[in-house]
Amino acid sequence: LTGVLDDCLCDIESIDDFNTFKIFPKIQKLQERDYFRYYKVNLKRPCPFWADDGHCSIKDCHVEPCPESKIPVGIKAGSSNKYSKAANNSKELEDCEQANKLGAVNSTLSNQSKEAFIDWARYDDSQDHFCELDDERSPDAQYVDLLLNPERYTGYKGPSAWRVWNSIYEENCFKPRSVYRPLNPLAPSRVFNLGSVCLFSWIGLCLEKRVFYKLISGLHASINLHLCANYLLEETWGKPRWGPNVKEFTRRFDPAETKGEGPRRLKNLYFLYLIELRALSKVAPYFERAVVDLYTGNGHEDAESKALLLDIFRDTKSFHMHFDEKSMFAGDKKGAKSLKEEFRLHFKNISRIMDCVGCDKCRLWGKLQTQGLGTALKILFSEKEIQSLPENSPSKGFQLTRQEIVALVNAFGR
């Protein structure tokens, strides 16, 4: 890909250079920090839109939770007692870790991590604007180590997966009149084609609706890219091998295979990157305050994590071709307010659809990336509130929960 992106004065080459040499190495380090590697998620919430198809039976989709009997009583009771180093290295925890098979979502945590999560909860606030949040107090919500459960292709595909994306595009996404999307090869094409040329029209779509479509398309492209890059290639003697699948990448993105639509999908990924990059630069004042800590209970690590995050913020501010969100919802006040609400409700609905994904590992990463994008939108629409935050007292008017912070950084890292 080369050239300038639509709806912003930014070229692809500049984004590539900026990301490769400045942002990505630091984001990668940040994702490995304890504060950002543990994400609490409820993978058992029922699909609110259609009867459950039943969960994916492929073992690499499966969640293997830590047996109840292996979790220390003090943690189950929500105790914030101090735990000794010996307790963290107990035989019970080693057994529990062995019980989690390769490919399963690994929910095993050390006592120290559990203790930190209890304290993190005190820092959290429940408000959210763009996403349907999991109830963290639900007995079905559990912490997941994202480093032990990478986003990759598990074998989950077919009608269940198609239905999720078709529902997102057809019912919950503003889209151009003609977009070629080979989601369900059994479905008849409704695209008007002239030879091999797809007639792509933005007629009737305002900037805001174009942005919404591009964000969802970019998210879809990101997920597909990670599935192609970390694909289940073969399994010998019960040991799976993951790696890049060029044939699958070609099927999803090559112009000849997608009637010219593939490169546009990849451009939308760059657009999504710009939106989340802009959100990071805008939210910097929230974290620059001394009152905000990335709190895990380990003072030295917490200080290093915050220093690395602030360093990333400085880099984001140095980027000179940001997307200008001020151009959105800038019409008459009544119309702009109505459109913004429609925008918000559409996105909230998409976050609920993620509970319809049948593969638990796919659901985990779908929910996390959707919440990350929703957090980015919340930031971009809260600029005044962020700028007026008090320096040395708890936030009023704008608050991010730890879940939102973890989702924002990991979604951008994706």
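Criteria and thresholds
Residues numbered from 1 in each chain as written. Predicted model: local features only at pLDDT ≥ 70, side-chain atom pairs only at ≥ 80, totals over all residues. Heavy atoms only, no water. UniProt positions renumbered as here; feature names shortened; annotations may be inferred. Helix = DSSP H or I, 4+ residues; strand = E, 2+ residues; numbered from the N terminus. Buried < 20%, exposed > 50% of the residue type's maximum accessible area, 1.4 Å probe, protein only. Contact = heavy atoms within 4.5 Å. Areas by Shrake-Rupley, 256 points an atom, 1.4 Å probe, with all protein chains shown as cover. Phe/Tyr/Trp six-rings, centres within 6.5 Å; stacked < 30°, edge-to-face > 60°. Lys NZ or Arg CZ within 6 Å of the ring centre and 35° of its normal. Lys, Arg positive; Asp, Glu negative; His and termini not counted. Salt bridge = Lys/Arg side-chain N within 4 Å of Asp/Glu carboxyl O. Polar contact = N/O pair within 3.5 Å; in protein donor to acceptor, adjacent residues only side chain to side chain. Core = buried A, V, L, I, M, F, W, Y, C linked by side-chain atoms within 4.5 Å. Disulfide = S-S within 2.5 Å. Axes fitted to C-alpha atoms, helices over the stretch in contact; angles between N-to-C directions. Left-handed = near helix turned anticlockwise from the far one by under 90°. Nonpolar A, V, L, I, M, F, W, Y, C, P; charged D, E, K, R; others polar. Pairing = 2+ DSSP bridges. Expected span 1.5 Å × (residues − 1).

Looking at an unreviewed UniProt entry, the protein chain carries the name ERO1B protein, with the source organism given as Malurus elegans. What the UniProt record of the protein chain gives under Subcellular location (unreviewed entry) is the line "Endoplasmic reticulum membrane". Heading Cofactor (unreviewed entry) of the UniProt record for the protein chain holds this comment: "FAD".

Q: What exactly am I supposed to notice about the overall build of the protein chain here?
A: Helix and strand counts for the protein chain come out as 15 helices and eight strands. Here the protein chain holds 414 residues, and the buried ones make up 53% of them. By sequence separation, contacts in the protein chain at least 24 residues apart represent 78% of the contacts at least 6 residues apart. If you sum the accessible surface of the protein chain, you get close to 19,900 Å²; carbon and sulfur atoms cover 53% of it.

Q: Please explain the packing of aromatic side chains as it appears in this structure.
A: Aromatic ring pairs are reported here in terms of the distance separating the ring centres and the angle at which the planes meet. Per the counting criterion, the structure on display carries twelve aromatic pairs. Taking the centre distance of 6.4 Å and the plane angle of 80° together, the rings of F212 and F347 count as edge-to-face. Linking F212 in helix α8 (residues 207-229) with F347 in helix α12 (residues 333-353), this pair joins segments that are 135 residues apart in sequence. Overall, F212 belongs to the buried group, its relative accessible area being 1%. Residue classification places F347 among the buried residues on the basis of a relative accessible area of 1%. Ring centres of F249 and F253 lie 5.2 Å apart, and the angle between their planes is 35°; this geometry places the pair in the tilted category. With a gap of four residues between them, F249 and F253 both fall in helix α9 (residues 246-253), about one helical turn apart. Judged by relative accessible area, F249 falls into the partly exposed class, the value being 33%. For F253, a relative accessible area of 4% corresponds to the buried category. Of the aromatic side chains, those joined through ring pairs into one cluster are Y286, F287, F313 and F398. One cation-aromatic arrangement involves R289 over Y286; the distance from NZ or CZ to the ring centre is 5.0 Å. The ring of W365 carries R414 above its face, with NZ or CZ at 4.9 Å from the centroid.

Q: When you look at the side chain of R265 in this model, what are you seeing that I'm missing?
A: Counting through the fold element by element, R265 comes out in helix α10 (residues 262-288). One buried charged side chain, R265, makes no salt bridge at all; its nearest oppositely charged neighbour is E261, positioned 4.9 Å away. A polar contact is formed between the side chain of R265 and the backbone oxygen of R252, at a distance of 2.6 Å.

Q: I'm lost on the nonpolar core in this one. Help?
A: Soluble globular proteins: nonpolar side chains tend toward being buried together. In this structure, V283 and F287 are the most contacted members of the largest nonpolar core, which totals 90 residues. Sorting elements by how many residues they give to this core places α10 first, with 13 residues. Contact partners of F287, with chain neighbours within four places excluded, come to V292, L294, K306, L309, L310, F313, L400 and I405.

Q: It is not clear to me how the UniProt feature "active site" (unreviewed entry) in the protein chain should be interpreted in this structure. Could you clarify?
A: Per the UniProt entry, the sites bearing "active site" (unreviewed entry) are C359 and C362 in this numbering. Tracing the backbone through its elements, the reader meets C359 in the loop between α12 and α13 (360-380). With relative accessibility at 0%, the residue C359 sits in the buried group. Mapping C362 onto the fold places it in helix α13. Residues in contact with C362, not counting those within four places in the same chain, are T154, Y156 and V357.

Q: What is the right way to look at the UniProt feature "binding site: FAD" (unreviewed entry) in the protein chain in this model?
A: The positions UniProt marks with the feature "binding site: FAD" (unreviewed entry) are R152, T154, W165, S217, H220 and R252. Residue placement: R152 occurs in the loop between β4 (141-145) and α7 (159-172). Overall, the relative accessible area of 11% leaves R152 in the buried class. When you line up the elements, S217 lands in helix α8. Aside from chain neighbours lying at most four places away, what touches S217 is Y169, R265 and N268.

Q: In this structure, what is going on with the state of the cysteines? I would like to understand it.
A: Simply put, the disulfide is a covalent bond whose two ends are the sulfur atoms of two cysteines. Per the stated rule, a full pass over the model turns up one disulfide. Residue C47 pairs covalently with C356 via a disulfide, S to S 2.0 Å. Because the torsion about its S-S bond is 75°, the bridge between C47 and C356 counts as right-handed. Taken as a pair, C47 in the loop between β1 (38-42) and β2 (63-64) and C356 in the loop between α12 and α13 lie far apart in primary sequence, 309 residues in all. Assigned by exposure class, C47 and C356 land together as buried.

Q: Help me out: how do you make sense of the packing of α8 against α13 in this one?
A: The description of two helices packed together rests on the angle between their axes and the distance between the axes. Following both chains from N to C, one finds α8 and α13 inclined at 145°, their axes separated by 11 Å at the closest point. For the pair α8 and α13, the crossing hand works out as right-handed. Where α8 abuts α13, its residues L215, L219, S222 and I223 lie against Q369, T370, L373 and L377. For the contact of α8 with α13, the residue count by class is five nonpolar, three polar and no charged.

Q: Mind showing me how you'd approach the pairing of β4 here?
A: Each regular strand carries side chains that alternate between the two faces of the sheet. Taken across its five residues, β4 has four buried, putting it largely inside the fold. In this structure, β1 lies alongside β4, joined through five bridges in antiparallel fashion. Bridge pairing in β4 links N42 to A141.

Q: Can you walk me through helix α15 (residues 402-413) in this structure?
A: Residue pairs spaced three or four apart in an α-helix point in one direction, given the helix's 3.6 residues per turn. For α15, built from twelve residues, the straight-helix expectation of 16 Å at 1.5 Å per residue is met to within 8% by its first-to-last C-alpha distance of 16 Å. Of all twelve residues making up α15, twelve are buried, and the element is well covered by its neighbours. Inspection of α15 places R402, Q403, E404, I405, V406, A407, L408, V409, N410, A411, F412 and G413 among the buried residues, and these make up the whole buried set.

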